[in-house]
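Summary of structural features
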Amino acid sequence: MGARLGTSAATAAVRSRIHQGAPVRIVIGADHAGFPLKEELATRLEEMGHAVLDVGTDSTDPVDYPDFAAAVARAVVAGRGERGIVVCGSGAGASIAANKITGARSAVVHDHYTAHQAVEHDDKNVLALGARVIGVTTAFELVDAFLAARFSGDERHARRLRKVVELDRNRG
């Protein structure tokens, strides 16, 4: 439970690396609508020195977004990546699916403020983007803000996060 709340030494070290711009292990996945944007993001992240685990899809052939959103969320929760990115047409479906995995905290983001605020206040670990809503340049900016942000740890945010984690654990 400590890692989910951001209190473990390992999680603090990851947050420090992320905040300092050090390479981060990122899990990325998309459905067919998000595939082209996912490919652009993965290439850019690798060029920046990040380790990218791509869980698919591998083409624009129709697939079901829950499969890929769940794969990203499971990998992040299992520690195979510090942060996750899911891309579908709107970002909404992928975010909903990712949030069904205990320990994943995903938000659909199409603006700079939410990209960092959801990490700082809510300890978001999965970023959901809508490839039919935003372009590549905006996506790059949102990913940069997401990776640069860290959970504030302020008492009010930690208290709220504990409540969210409890809801997640009990699913109700």
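Quick look at the structure, then. (Residues numbered from 1 in each chain as written. Predicted model: local features only at pLDDT ≥ 70, side-chain atom pairs only at ≥ 80, totals over all residues. Heavy atoms only, no water.)

This brings us to the overall build of the chain. A tally of helices and strands in the chain yields 8 helices and 5 strands. Its helices and strands taken in sequence order, the chain reads α-α-β-α-β-α-β-α-β-α-β-α-α from the N to the C terminus. Taken across its 172 residues, the chain has 47% of its residues classed as buried. Put simply, 69% of the contacts in the chain that link residues at least 6 apart link residues at least 24 apart. For the chain, the exposed area adds up to about 8000 Å²; of that, 52% sits on carbon and sulfur atoms. (Helix = DSSP H or I, 4+ residues; strand = E, 2+ residues; numbered from the N terminus. Buried < 20%, exposed > 50% of the residue type's maximum accessible area, 1.4 Å probe, protein only. Contact = heavy atoms within 4.5 Å. Areas by Shrake-Rupley, 256 points an atom, 1.4 Å probe, with all protein chains shown as cover.)

Another point: the layout of surface pockets. Its volume calculated, the second largest pocket comes out at about 260 Å³. Contributing elements (two or more residues each) for the lining of the second largest pocket: strand E4 (106-108), helix H6 (112-122) and helix H8 (155-170). The element best represented in the lining of the second largest pocket is H8, accounting for 7 residues. Of the residues in the lining of the second largest pocket, the class split is 7 nonpolar, 4 polar and 6 charged. (1 Å grid on protein atoms, 1.4 Å probe; cavity = no way out; pocket = protein on both sides within 12 Å on 5 of 7 lines; lining within 4 Å. Points joined across faces, edges and corners; volume = space filled by probe spheres on them. Nonpolar A, V, L, I, M, F, W, Y, C, P; charged D, E, K, R; others polar.)

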